[in-house]
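Working through the structure, step by step
Residue-level listing of the chains:
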Amino acid sequence: RFGVPAVLFVPPAKIGGHSDWMTELPDEPILTAERLRDLRASGVELGVHGLDHRDLVGLDDRELRRQTVEARDLMADMTGIRPRSFAYPRGAHDERARAAVRGAGFDVAFTVFGGRGDHAVPRIDIAAVDTMRTVRMKMVPGYRSIWRAAGHAPTARRLARRLVTRSAGSS
């Protein structure tokens, strides 16, 4: 609506199902293929988020192929367009994961931490639990540093989010 480009990253094996990987919203419904096609028609680009939102780090060749090539093909079959972008589930990637994504023919891949070329571009992740306030918070200078320092510890992340939200609200 505002002319801002957006990409929705979808794990195609979960289309029409639920977000069982999100502890905050484990039963959050995932859009159906029909609804995804409607979004695409309205200008939202659709990308792949792995086949089933499994971390790619440490996977064997067969599973990396499932999470990239098979995910790409399934997404194309369900939506009618071959996706050009990929986002690593939980932002996790290593050289083998990047090579698998590149080999699957994705033009670009995104992570939430540490960029490494066209197949590990840093992005700001927006999730179902985000509100306009948390989106604003993610735009505050220094947010990435605080998030990285907090690591993946849920308690530390919540504390960091509260601290940054307060500073975002006071400006």
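Data block above holds the structure.
The structure displayed is predicted, hence computed values, not measured ones.

1. Describing helix α1 (residues 33-41)
- By the burial criterion, the buried members of α1 are A33, L36 and L39. One side of α1 holds all its buried residues, which, seen down the axis, span an arc of 115 degrees. When the buried face of α1 is taken as reference, the exposed residues oriented beyond 90 degrees from it are E34 and A41.
- Where the residues of α1 are buried, they touch β1 (7-10), β2 (45-48) and α2 (61-79).
- A positive backbone phi angle near 110 degrees is found at G43, which sits one or two residues after α1.

2. Overview of the nonpolar core
- By size, the foremost hydrophobic cluster in this structure holds 21 residues, and its most contacted members are L56, F86, Y88 and V101.
- Secondary-structure elements contributing two or more residues to this core are α1, β2, α2 and α3 (95-103).
- Considering every element that reaches this core, the biggest residue donor is α2, with four residues.
- Contacts of Y88, omitting those with residues within four sequence positions, involve H49, L56, H93, A97, R98, V101, A109, F110, T111, H119 and A120.

3. Examining the pattern of salt bridges
- Applying the stated criterion to the full structure yields 11 salt bridges.
- Between R90 and D55 there is a salt bridge, with its nearest N and O atoms 3.2 Å apart. Placement of R90 in the loop between β3 (85-87) and α3 and of D55 in the loop between β2 and α2 is noted, with a sequence separation of 35 residues between them.
- Across the pair D130 and K138 runs a salt bridge, and its minimum N-O distance is 2.9 Å.

4. A look at a nonpolar patch on the surface
- On the surface, I124, I126 and M139 cluster together to form a nonpolar patch covering roughly 280 Å² of accessible area.
- With respect to the element layout, M139 can be found in the loop between α4 (132-138) and α5 (143-150).
- With a relative accessible area of 52%, M139 lands in the exposed category.

So, how was this worked out
In this numbering scheme, every chain counts its residues from 1 along its sequence in written order. The model is predicted, so local features are restricted to residues of pLDDT at least 70 and side-chain atom pairs to those at 80 or more, both for listing and for counting; the totals for chains, interfaces and linings are taken over all residues. Hydrogens and waters are ignored; side-chain quantities use all the structure's heavy atoms. Only protein chains enter the accessibility calculation, which uses a 1.4 Å probe; a residue is then buried when its area is under 20% of its type maximum, exposed when over 50%, and partly exposed in between. Strands are runs of DSSP state E lasting at least two residues, helices are runs of H or I lasting at least four, and both sets are numbered from the N terminus onward. Each C-beta atom gives one direction from the helix axis, and the arc is the one those directions make. Whether two residues are in contact is decided by their heavy atoms, any of which lying within 4.5 Å being enough. In these notes, a set of buried Ala, Val, Leu, Ile, Met, Phe, Trp, Tyr and Cys residues joined through side-chain atoms within 4.5 Å is what counts as a nonpolar core. Any Lys or Arg side-chain nitrogen located within 4 Å of an Asp or Glu carboxyl oxygen qualifies as a salt bridge. Only residues whose relative accessible area exceeds 30% and that form no salt bridge are eligible for patches; like-charged ones are grouped when within 9 Å, while nonpolar side chains (Val, Leu, Ile, Met, Phe, Trp, Tyr) are grouped when within 5 Å. Computed with a 1.4 Å probe, the accessible areas rest on the Shrake-Rupley method; for each residue, only the protein chains presented here act as cover.

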